[in-house]
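Inside the fold
Listed below are the residues making up each chain.
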Amino acid sequence: MTDYILKTNSLSKHYGKFAANDNISMGIKKGSIYGLVGRNGAGKTTFMKMICSLSSPTSGGFELCGKSYPRLENARAKIGNLIEDPGIYANMSAFDNLKAKAKLYGKVDENKIKEIIRIVGLEKAGKKPAGKFSLGMKQRLGIGLALVGDPEVLVLDEPINGLDPAGVAEIRDTLQKLNTERGITILISSHILGELSKLCTDYGFIDRGELIKEISNEQLMNDCTEYTKLKVDDTAKAKKVLESLGIDSADETESGVLRITQTQVGTDDITEAMVLNKVRVYEISKQGTDLEGYYLNMIGNGRES
């Protein structure tokens, strides 16, 4: 049985006739990094606000850490979030910002604050006012603030939006560290599938307020891997021909069909070799797509709402 830390059941948020979220049912496994993928305005932020009890559902519900909405009891304390702008005091250092947040929880442990600063990579910031931080540093401080209270689940809304490549890499490294070192389950939203693919274990694609598809990272990589489809009358003989060409990555996916990956040999050369060895070729074609193409196909090729 799958151990879900968060499950939603037909979760919906309507504003009059407009459905910001409509009947979303998803499951996030404990210890996973779940990417919520969708273009701007798809409904990602609305969904996250409901999970964090910052907004109430119109209908449906969810379970968090074994507790059901609205009777979440202590489960609310097990979730940390960074949604929209982090609440940072510009004239205070990273340490003092975290200390102020800790006071709201009724307990200030300076060693824990120093540990959070280490994890989010702000040790060198020292007493520098947060208002003078780079955007990436501010985002990492926002993640640090979300860690106050030792959450089991971290909800992050577009934390890499607007960052340069170095800033994106820093955030990614921080989140991987939190997941591996602390076992924190992470729900992260973005419209940049390519970046999420370097981090996430699972994905949910959302468009126009609806959950279109859930998929694991393994399935995503498999779907996006470009390969050559070869349909022949004799797969055993065809494999031997391919091996003579230096191709040993051919798998029979269905009767008479081979999937060839990781090859620099062109389709014309493969076809010629098959003909010379009296293997009848019914079809040979390039299959698969890149991450961008997969994403665009998933959300309707960027059509207007």
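For the structure itself, consult the block above.
What comes next is a walk through the structure. (Residues numbered from 1 in each chain as written. Predicted model: local features only at pLDDT ≥ 70, side-chain atom pairs only at ≥ 80, totals over all residues. Heavy atoms only, no water.)

Looking at the environment of Ser-285
Where we set the bar: Only DSSP runs of H or I covering at least 4 residues are called helices, and only runs of E covering at least 2 are called strands; the numbering of each starts at the N terminus. Each residue's exposure class comes from its accessible area (1.4 Å probe, protein chains only) as a fraction of the maximum for that residue type: buried when under 20%, exposed when over 50%, partly exposed otherwise. It only takes one pair of heavy atoms within 4.5 Å for two residues to be counted as in contact. N or O atoms closer than or at 3.5 Å make up a polar contact, with two conditions inside protein: a donor-capable atom paired with an acceptor-capable one, and, for residues adjacent in sequence, both atoms drawn from side chains.
Residue position: Ser-285 is located in strand S15 (residues 281-287). Looking at Ser-285, the relative accessible area reads 19%, which means it is buried. Beyond its immediate stretch of four places on either side in the chain, Ser-285 contacts Tyr-227, Thr-228 and Lys-229. Within polar-contact distance, the side chain of Ser-285 engages the side chain of Glu-283 at 3.2 Å.

Examining the sheet that holds strand S14 (residues 257-260)
Within a sheet, adjacent strands bond to each other through the backbone by hydrogen bonds, running parallel or antiparallel. Basically, it comes down to this: Pairing between strands requires that DSSP locate at least two bridges from one strand to the other. Here an axis means a line fitted to C-alpha atoms, over the contact stretch when the element is a helix, while the angle between two N-to-C directions is reported on a 0 to 180 degree scale.
If you walk across this open sheet you meet the four strands as S13-S14-S12-S15, and the pairing is antiparallel. Sheet topology places strand S13 (250-254) and S15 at the edges, where each strand pairs with a single neighbour. When the angles between neighbouring strand axes are averaged without regard to direction, this sheet yields 25 degrees. Direction of pairing for S13 relative to S14: antiparallel, over a ladder of four bridges. Of the residues in S14, the one forming a bridge with Asp-251 is Arg-259.

Some words on the environment of Ile-184
Assignment of secondary structure puts Ile-184 in the loop between helix H5 (165-182) and strand S9 (185-190). Between the C-alpha atoms of Ile-184 and Leu-154, which are 30 residues apart in sequence, the distance is 6.9 Å. Those residues in contact with Ile-184, other than ones at most four positions away along the chain, are Ser-32, Leu-147, Pro-151, Glu-152, Val-153, Leu-154, Leu-178 and Asn-179.

With respect to the packing of helix H3 (residues 110-119) against H5
Applied cut-off: Orientation categories follow fixed angle ranges, with anything under 35 degrees roughly parallel, anything over 145 roughly antiparallel, 65 to 115 roughly perpendicular, and all other angles oblique. In this classification, Asp, Glu, Lys and Arg are treated as charged, Ala, Val, Leu, Ile, Met, Phe, Trp, Tyr, Cys and Pro as nonpolar, and every other residue, Gly included, as polar.
Between H3 and H5, the least distance of the axes is 10 Å, while the angle of their chain directions is 130 degrees. One way to sum up the angle between H3 and H5 is to call them oblique. Counted together, Glu-115, Ile-116, Arg-118 and Ile-119 of H3 and Thr-174, Lys-177, Leu-178, Glu-181 and Arg-182 of H5 form the full contact between these two elements. Classifying every residue of the contact of H3 with H5 gives three nonpolar, one polar and five charged.

Here's the deal with the packing of aromatic side chains
Here is the rule: Classification of ring pairs rests on two measures: the distance between centres of Phe, Tyr or Trp rings, Trp counted by its six-membered ring, which must be within 6.5 Å, and the angle between planes, read as stacked under 30 degrees, edge-to-face over 60 and tilted in between.
This structure, assessed with the given rule, holds two aromatic pairs. Measuring from ring centre to ring centre gives 5.2 Å for Phe-62 and Tyr-69, while their planes differ by 25 degrees; the resulting arrangement is stacked. Look at Tyr-69 and you get partly exposed, because its relative accessible area is 25%. A ring pair is formed by Phe-205 and Tyr-294, whose centres lie 5.9 Å apart and whose planes are at 55 degrees; its orientation type is tilted.

Comments concerning the pairing of strand S4 (residues 33-37)
Among the five residues that make up S4, five are buried, leaving the element largely enclosed by the rest of the structure. Of the two faces of S4, both are covered, the one formed by Ile-33, Gly-35 and Val-37 as well as the one formed by Tyr-34 and Leu-36. In this sheet, S9 lies alongside S4 in parallel orientation, the contact comprising five bridges. Looking at S9, one finds that Ile-33 is bridged to Ile-186. Pairing of S4 with strand S10 (residues 202-207) involves four bridges; the strand directions are parallel.

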